[in-house]
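Residues per chain are reported as follows:
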Amino acid sequence: MHRIQKISSYLLMVFNVLILALPLIAVLTWLFIETEFMKNLISNSFLFKQIQTPEGFVSLSQIKWTSTSKIIGFIACILGALPIFLSLFSLKSIFQNYQKGKIFTITNAQHYRRLGIFFFLDALLATPIGDMLMILATTLSNPPGHRYISLSFGTPNIEALFCGILVMVISWVMLEASKLHEEQQLTI
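Because the structure is predicted, anything quoted here is derived from the model rather than measured. (Residues numbered from 1 in each chain as written. Predicted model: local features only at pLDDT ≥ 70, side-chain atom pairs only at ≥ 80, totals over all residues. Heavy atoms only, no water.)

Caption draft 1: Main features of helix 3 (residues 67–99). For helix 3, with 33 residues, the first-to-last C-alpha span of 45 Å sits near the 48 Å given by 1.5 Å per residue. The sharpest bend along helix 3 comes to roughly 45 degrees, located at Leu82, with the proline Pro83 sitting one to four residues further on. A positive backbone phi angle near 90 degrees is found at Gly101, which sits one or two residues after helix 3. (Helix = DSSP H or I, 4+ residues; strand = E, 2+ residues; numbered from the N terminus. Expected span 1.5 Å × (residues − 1). Bend = angle between axes of the 7 residues up to and from the residue.)

Caption draft 2: Quick peek at the confidence of the model for the chain. Per-residue pLDDT for the chain averages 88, and the proportion of residues at 70 or more is 98%. Averaged pLDDT values for the elements of the chain fall to 77 in strand 1 (residues 51–53) and rise to 94 in helix 3. (pLDDT = per-residue confidence, 0-100.)

Caption draft 3: Structural context of the nonpolar core. Counting 20 residues, the largest nonpolar core has Trp30, Ile42, Phe48, Leu60, Trp65 and Met134 as the members making the most contacts within it. Elements supplying a minimum of two residues to this core: helix 1 (2–31), helix 2 (36–43), helix 3 and helix 4 (106–139). The leading source of residues in this core is helix 4, at six residues. If sequence neighbours within four positions are ignored, Trp65 has contacts with Trp30, Ile33, Glu34, Leu60, Lys70, Ala137 and Thr138. (Core = buried A, V, L, I, M, F, W, Y, C linked by side-chain atoms within 4.5 Å. Buried < 20%, exposed > 50% of the residue type's maximum accessible area, 1.4 Å probe, protein only. Contact = heavy atoms within 4.5 Å.)

Caption draft 4: Representation of helix 4. The terminal C-alpha atoms of helix 4 lie 47 Å apart, and with 34 residues this matches the ideal 50 Å at 1.5 Å per residue to within 8%. The largest bend in helix 4 amounts to roughly 50 degrees and is located at Asp122.

Caption draft 5: Region of the structure containing the environment of Ser150. For Ser150, the location among the structural elements is in the loop between helix 4 and helix 5 (155–186). Leave out the neighbours within four places in its chain, and Ser150 touches Met132 and Ile135.

Caption draft 6: Spatial organisation of the packing of helix 4 against helix 5. In the contact formed by helix 4 and helix 5, the axes pass within 7 Å of each other and the chain directions differ by 170 degrees. Considered as vectors, helix 4 and helix 5 are oriented roughly antiparallel to each other. Considering only residue class, the contact of helix 4 with helix 5 consists of 19 nonpolar, seven polar and two charged. (Axes fitted to C-alpha atoms, helices over the stretch in contact; angles between N-to-C directions. Parallel < 35°, antiparallel > 145°, perpendicular 65-115°, else oblique. Nonpolar A, V, L, I, M, F, W, Y, C, P; charged D, E, K, R; others polar.)

Caption draft 7: Region of the structure containing the packing of aromatic side chains. Using the criterion set out here, one finds four aromatic pairs in the structure. A ring pair is formed by Trp30 and Trp65, whose centres lie 5.1 Å apart and whose planes are at 90 degrees; its orientation type is edge-to-face. Taken together, the positions of Trp30 in helix 1 and Trp65 in the loop between strand 2 (56–58) and helix 3 put the pair 35 residues apart, joining distant regions of the chain. For the pair Trp30 and Trp65, one class covers both residues: buried. Here the aromatic rings of Phe95 and Tyr98 are separated by 5.2 Å at their centres, their planes lie at 80 degrees, and the arrangement is edge-to-face. Of this pair, Phe95 and Tyr98 both sit in helix 3, three residues apart, roughly one helical turn. Joined through ring pairs, the aromatic side chains of Phe15, Phe95 and Tyr98 make up one cluster. (Phe/Tyr/Trp six-rings, centres within 6.5 Å; stacked < 30°, edge-to-face > 60°.)

Caption draft 8: Seen up close, the layout of surface pockets. Taken as a whole, the largest pocket spans an internal volume of roughly 970 Å³. Along its surface, the largest pocket is lined by 35 residues, and Phe48, Lys49, Cys77, Gly80 and Asp131 are the ones closest to its centre. Mapped by element, the contributors of at least two residues to the lining of the largest pocket are helix 1, strand 1, helix 3, helix 4 and helix 5. Looking at the lining of the largest pocket, its residues break down into 21 nonpolar, 11 polar and three charged. (1 Å grid on protein atoms, 1.4 Å probe; cavity = no way out; pocket = protein on both sides within 12 Å on 5 of 7 lines; lining within 4 Å. Points joined across faces, edges and corners; volume = space filled by probe spheres on them.)

Caption draft 9: Spatial organisation of the side chain of Ser8. In this structure, Ser8 sits in helix 1. When near neighbours in sequence (up to four residues on either side) are disregarded, Ser8 contacts Phe95, Tyr98 and Gln99.

In C-alpha cells, the structure reads:
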C-alpha cells in the first residue's frame, strides 16, 4: 500500500505539470507558428505530424498562415487535446484517492467511468473534428477549388473506442469491488 501511495504522489506531480503544460504549449505553438524555431520543431515532427489532405501530406512548417487559418488550427489543436486534458483531471482525482489509501471506492469507479467516456468522446468527436479543422486550416490558403474539409474515421478511432470499452468495464468492476469493500467494512 505504501508503494501505491508513493507512486501516486509522483504521478500527481506529472499530472499537475501536464495540466499546465498542455494549454501553454498549444498557445505558444500557435502564437509563434511562423518563427524559424517553431518551423524547425514542426519539420522534425517534434510537435505535429504531417497533415494528410486529398492532395497529399502537408507539413505545417510549409503553410502560408493567415490569421483565420491560425485560429482554426488552434481550435483544432485544443479540440483534439480536450479529452486528454479532461482525463488528466479524472486521473488526478483517482491518484489523490490512491495517495490517501482509498483504492476501492465508488468515487474512483465514477472517475474510471468518466475516463471511458473521454475515450469515446475522443474517438467519436474530438479526433475526427479536430483533424477535419486541421485539414481546413492547412488548405485555407490554397486557391479556390483546392481547399478541403474532410471528416474521417479509421483504425485509431476504433482503438480508442475499444480502450473506452475496456475502461468502462474496469469502472464496473471497480464499482462492484467498492460495494464488496463497504460490506466487508461493515461486517464485524
